[in-house]
Amino acid sequence: MPGAVRGPQTLYDKVFHDHIVDEKEDGTVLLYIDRHLVHEVTSPQAFEGLRNAGRKVRRPDCTLATTDHNIPTTSRKNFKNVTTFIDESDSRIQCETLEDNVEEFGLTYFGLGDKRQGIVHIIGPEQGFTLPGTTVVCGDSHTSTHGAFGALAFGIGTSEVEHVLATQTIITRRSKNIKVEVEGDLAPGVSSKDIILYVIGQIGTAGGNGSVIEFCGSAIRGLSMEARMSICNMSIEAGARAGMIAPDQITFEYLKGRPLAPEYDSAEWKKAVNYWQSLRSDPGAKWDEEIFIDSKDVAPTVSWGTSPQDVVSITGVVPGPDDFQNEDKKQACVRALEYMGLTAGTPMQEIVLDKVFIGSCTNARIEDLRIAAKVVEGKQVAANIKRAMIVPGSGLVKRQAEAEGLDKIFEAAGFEWREAGCSMCLGMNPDILAPQERCASTSNRNFEGRQGAGGRTHLMSPAMAAAAALVGKLADVRKFSANIHPTPRGKGSPRVDVAHPSDIESDEDLDKYFDDPEDSQGNTVKSKAPSTVGLQKFTQLKGIAAPMDRANVDTDAIIPKQFLKTIKRSGLGSALFHAWRYDPKTGKENPDFILNKEPYRNAKILVLTGPNFGCGSSREHAPWALLDFGIWCVIAPSYGDIFFNNTFKNAMLPLVIDNEADLAAIAAEAKAGREIEVDLPNQAIKDASGKEICKFEVESFRKHCLVNGLDDIGLTMMVDDKIASFELRRTRDFPWLDGSGYLKNTGVAGGPIKVAARGVPKTRRGEELKEPLEW
Ligand SMILES: CC(C)[C@H](C(=O)O)[C@@H](O)C(=O)O
Ligand code: SF4
């Protein structure tokens, strides 16, 4: 809430300051959360934690749940309930579990029978749940999307989801401020997706680590809300905790009439707009870094490699290792070219595609579909494209597009018109690439295996993906004002290939790995993690350290998406680094992978010589998998922010060692197969003989919790009076943030939203929802 007068502040400083419930001397802050979005993948273990501790959801009125990652995108004409609709058992169980949880805890939920269902980052803004100046969290890294409204929005792990459910707060620290100013008019054919891909190409996927990026400048001010959301969405790919854009008239226009925004023109609306207008960075505010981009330099941009920073202009060629100075980057380039099946020097526009995916929380809003439809109208998807999909971001986007006739344009061109969901963005449902298939995708991540094991992803804007579908190769949308002559399709109807999941993605194999997996000798691999985590004390840890000479290891690589379909925290050790650890064809261990070699099978510590370990997704499954394998400590020069937090929540220690000599000395011990000791109380790393190699830094609050095995939620609940008095002030100053409409709309204040009944009732089951609630 507004406090004492301070010096010039950034937008981030203001929103952060207005949400401080409590602050410790070491800079640890208890931050109030206004809006909590929940989905099926990262919430089951959090609800289980609540249930086990006998805790309630503190603010059901500030919590909104939907199901998006696991669901099929096939027609819902005959949808009755998730039990009969979802074939894959793990996906079904996750969705059923969410439905049981929203019922038990009385939360607002948009299920598959509700037209408002959709990707969590599309429905929040659409409903007016996301508002300027709010703090928004979700167990999902692309929560950064909501920053387009001038909200402080960031992804969290499952332990933090539980913390927010129980306390409506989060324990955090201040981030650094980065300003990215984009000036000038965008050239024709250039979109906000090109801006963000270009920015990531410039600053790298670790460029924003530990920071919040504010995007500003005339190019940003000229963008629609949809386009701004695409930019903030991918701040996480730039390594940032969050992206923000100051709210303005375009923001207020967007919010008018949204069901959960204050009623337009009411006294509350006017009060809100008055506050929202104050949400901008002051002249003279202090930036930790300022980046200037001239719009003239931004061309339609596509990715060539396996990291979102691997981008070039569509008129460029595939780079080679000689194009990079640094040895890590040269090696990463060699690996990426091999994975992507590309040769340096190939013109980008000669790269032939197999599939096209227009969808995801980055680019599946109505404006994205309109642009893509404009490009493909009256034309045909090229004959070599096996499958071209349009997956709207929400049921409402789908309806709007149908009202405008966009579905007919797409279908006539040979695209499939699907139901809303995450779909082929990460392929947790059956929409996946087969090994070696190449896809033009409007999503946000091109990591190895992201869209299916062995699949190859090229990121781009919706207009560029539409153009690529017509040409059958990566294509420059700017050429489309002139006529293009794609090869016509046989009989004009799309050929739809059934996805070919590789063996390791089947339910049976998954079960096999979760149960007692086997090593190459056929011995059963048992979990090394304790049955419960979070309360273990961490003091001294002595053990073998496994060295890895890699940079930017993403959480998709640490634990691929097919293993996220669990409602447990345990049993993930055998899936750790799955694609690198096992041969995809035989399922046998790859003997060259470090954790398959002696003595590293028993490693307790992982040593990374490259930066940005654990970048990407918020999946807490990554630390759970490490822990289950037996790794309690990771040593690296830097980390993805969400992963870094998630490890601490599991009684693990991620150590930042950025001094090259120290890191080299630790790596030398690891490579020699000798034990090292991590001594947390004394903040020192020692060799096997006890000789100190180096000291390390760790935040004092985190150290205190680890050494004493303290549970964050329990600690926060001890300051309940502070949270309650913050809430009183919030109600007084920002009344529009309380009790969002839906719980009131049901007529059951605080009561559960009904979900479609399944055949077998598990808990209290509501009557079947016949007509979704209107707004
Ligand atoms: C499943 C979820 C944890 C994940 C994320 O956090 O990003 C997903 O949305 C993704 O895009 O990989
Ligand atoms: S990035 Fe993809 S998988 Fe993740 S929330 Fe967005 S659409 Fe879903």
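Keep in mind that what you see is a predicted model, and the values were worked out from it rather than measured.

Each value, and the rule that gives it
Residues numbered from 1 in each chain as written. Chains lettered and ligands numbered in written order. Predicted model: local features only at pLDDT ≥ 70, side-chain atom pairs only at ≥ 80, totals over all residues. Heavy atoms only, no water. Helix = DSSP H or I, 4+ residues; strand = E, 2+ residues; numbered from the N terminus. Contact = heavy atoms within 4.5 Å. Areas by Shrake-Rupley, 256 points an atom, 1.4 Å probe, with all protein chains shown as cover. Near = heavy atom within 4 Å. Polar contact = N/O pair within 3.5 Å; in protein donor to acceptor, adjacent residues only side chain to side chain. Nonpolar A, V, L, I, M, F, W, Y, C, P; charged D, E, K, R; others polar. Pairing = 2+ DSSP bridges. Axes fitted to C-alpha atoms, helices over the stretch in contact; angles between N-to-C directions. UniProt positions renumbered as here; feature names shortened; annotations may be inferred. Phe/Tyr/Trp six-rings, centres within 6.5 Å; stacked < 30°, edge-to-face > 60°. Buried < 20%, exposed > 50% of the residue type's maximum accessible area, 1.4 Å probe, protein only.

## Overview of the overall build of the protein
Tallying secondary structure elements over the protein gives 26 helices and 26 strands in all. The contacts in the protein between residues at least 6 apart in sequence include a share of 76% that link residues at least 24 apart. Total accessible area computed for the protein in this model is approximately 27,600 Å², and 51% of it derives from carbon and sulfur atoms.

## So, the site of ligand 1
The immediate surroundings of ligand 1 are formed by Val41, Thr42, His69, Asp140, Ser141, His142, Leu426, Arg445, Arg450, Ser617, Ser618 and Arg619. Within the side chain of serine 617, a nitrogen or oxygen atom sits 3.5 Å from an oxygen atom of ligand 1. Arginine 619 is positioned such that a nitrogen or oxygen atom in its side chain is 3.0 Å from an oxygen atom of ligand 1. Taking 310 Å² as the accessible area of ligand 1 by itself, protein coverage stands at 97%.

## What to know about the site of ligand 2
The environment of ligand 2 is formed by His69, Ile119, His121, Asp140, His142, Ser360, Cys361, Cys422, Cys425, Leu426, Asn444 and Arg450. Residues that form the shell around ligand 2 fall into these classes: five nonpolar, five polar and two charged.

## Overview of the sheet that holds strand S21 (residues 605–608)
Pairing is mixed across the open sheet formed by seven strands, whose spatial order is S23-S22-S21-S20-S24-S25-S26. Of all strands in the sheet, those with a lone pairing partner are strand S23 (653–656) and strand S26 (692–695), marking the two edges. If you compare each strand with its neighbour and ignore which way they point, the axes differ by 25 degrees on average. Note that S21 and strand S22 (residues 633–636) share three bridges and pair parallel. In the sheet register, isoleucine 605 faces S22, and the bridge partner there is cysteine 633.

## With respect to the side chain of serine 303
Among the secondary structure elements, serine 303 is positioned in strand S13 (residues 301–303). A distance of 3.4 Å separates a polar atom in the side chain of serine 303 from a polar atom in the side chain of asparagine 446. Polar contacts involving the side chain of serine 303 include one to the main-chain amide nitrogen of leucine 459, which spans 2.7 Å.

## Quick word on the UniProt feature "domain: Aconitase A/isopropylmalate dehydratase small subunit swivel" (unreviewed entry) in the protein
The feature "domain: Aconitase A/isopropylmalate dehydratase small subunit swivel" (unreviewed entry), as annotated in UniProt, sits at residues 536–659 in this numbering. Secondary structure content for residues 536–659 is 20% helix and 17% strand, and the end C-alpha separation is 29 Å.

## Observations regarding the packing of aromatic side chains
Geometrically, a pair of aromatic rings is defined through the distance of the ring centres and the angle of the planes. Enumeration according to the criterion identifies 21 aromatic pairs in this entry. Residues tryptophan 269 and tryptophan 276 carry aromatic rings whose centres are separated by 5.7 Å and whose planes lie at 85 degrees to one another, so their mutual orientation is edge-to-face. Per residue, the accessibility class of tryptophan 269 equals that of tryptophan 276, and both read buried. Pairing tryptophan 304 with phenylalanine 324 gives two aromatic rings, centres 6.4 Å apart and planes at 40 degrees, and the pair type is tilted. Here the residue tryptophan 304 occupies a position in the loop between S13 and strand S14 (311–313), and phenylalanine 324 occupies one in the loop between S14 and helix H12 (327–340), the gap between them amounting to 20 residues.

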